[in-house]
Amino acid sequence: MPTKISELREKSSDELTSDRTNLREEALNLRIQQESGQLENPARIREARREVARINTLLSERRLKSAAEAADTAAE
């Protein structure tokens, strides 16, 4: 089941990084299963990729926000 963006926003950056690593491993395993003909739910590959993208977006937003705040602080 895909995670909603609001649920992801509540997590810390460390939790998101950990989730991203786990999802990447899961996507790899799913691709291997697909190649060997053992994959039962092919849509899960797409869901995992999209969740990784959501997490990457949130982490990028947080990095940009902290960089902007640092620049504002330095400018004062």
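Up top is the structure.
Before going into details, it helps to say that this report is about the structure given with it. Since we're looking at a predicted model, the values are computed, not measured.

## Some thoughts on the packing of helix α2 (residues 13-36) against helix α3 (residues 43-75)
One can describe the packing of α2 onto α3 by two numbers: an axis separation of 9 Å at closest approach and a directional angle of 155 degrees. As the angle between them shows, α2 and α3 are arranged roughly antiparallel. Crossing of α2 against α3: the hand is left-handed. Packed against α2, whose contacting residues are S13, L16, T17, D19, R20, L23, R24, E26, A27, L30, R31 and Q34, the element α3 presents R44, I45, A48, E51, V52, I55, N56, L58, L59 and R62 at the interface. Split by residue class, the contact of α2 with α3 holds ten nonpolar, four polar and eight charged.

## Describing the pattern of salt bridges
Within the structure shown, the criterion is met by five salt bridges. As a salt-bridge pair, E61 and R9 come within 3.2 Å of each other at their nearest N and O atoms. Pair noted here: E61 is in helix α3 and R9 is in helix α1 (residues 5-9), with a separation of 52 residues, a long-range link. On the basis of relative accessible area, E61 is assigned to the partly exposed category, the value being 38%. We classify R9 as partly exposed; its relative accessible area is 47%. Put simply, R44 and E26 hold a salt bridge, and the shortest N to O gap is 2.8 Å. A residue pair is termed long-range when its members are at least 10 positions apart, and R44 in helix α3 and E26 in helix α2 qualify at 18 residues. What emerges from the salt-bridge pattern is a single network uniting E26, R44, E47 and E51.

## Examining α3
With 33 residues, α3 should reach 48 Å at 1.5 Å per residue; the first-to-last C-alpha distance of 48 Å fits that figure. Along α3, the positions that sit buried rather than exposed are R44, I45, A48, E51, V52, I55, L58 and L59.

## A short note on the side chain of R20
On the secondary structure map, R20 appears in helix α2. No salt bridge forms around the buried R20; measuring N to O, its nearest opposite-charge neighbour D14 is 9.4 Å away. For R20, the contacting residues outside a window of four places in its chain are V52, I55, N56 and L59.

## Looking at the side chain of R44
Residue classification places R44 among the buried positions, given a relative accessible area of 14%. Dropping the residues within four chain positions of it, R44 is found in contact with L23, E26, L30 and E51.

Cut-off values and rules
- Residues numbered from 1 in each chain as written.
- Predicted model: local features only at pLDDT ≥ 70, side-chain atom pairs only at ≥ 80, totals over all residues.
- Heavy atoms only, no water.
- Axes fitted to C-alpha atoms, helices over the stretch in contact; angles between N-to-C directions.
- Helix = DSSP H or I, 4+ residues; strand = E, 2+ residues; numbered from the N terminus.
- Parallel < 35°, antiparallel > 145°, perpendicular 65-115°, else oblique.
- Left-handed = near helix turned anticlockwise from the far one by under 90°.
- Contact = heavy atoms within 4.5 Å.
- Nonpolar A, V, L, I, M, F, W, Y, C, P; charged D, E, K, R; others polar.
- Salt bridge = Lys/Arg side-chain N within 4 Å of Asp/Glu carboxyl O.
- Buried < 20%, exposed > 50% of the residue type's maximum accessible area, 1.4 Å probe, protein only.
- Expected span 1.5 Å × (residues − 1).
- Lys, Arg positive; Asp, Glu negative; His and termini not counted.

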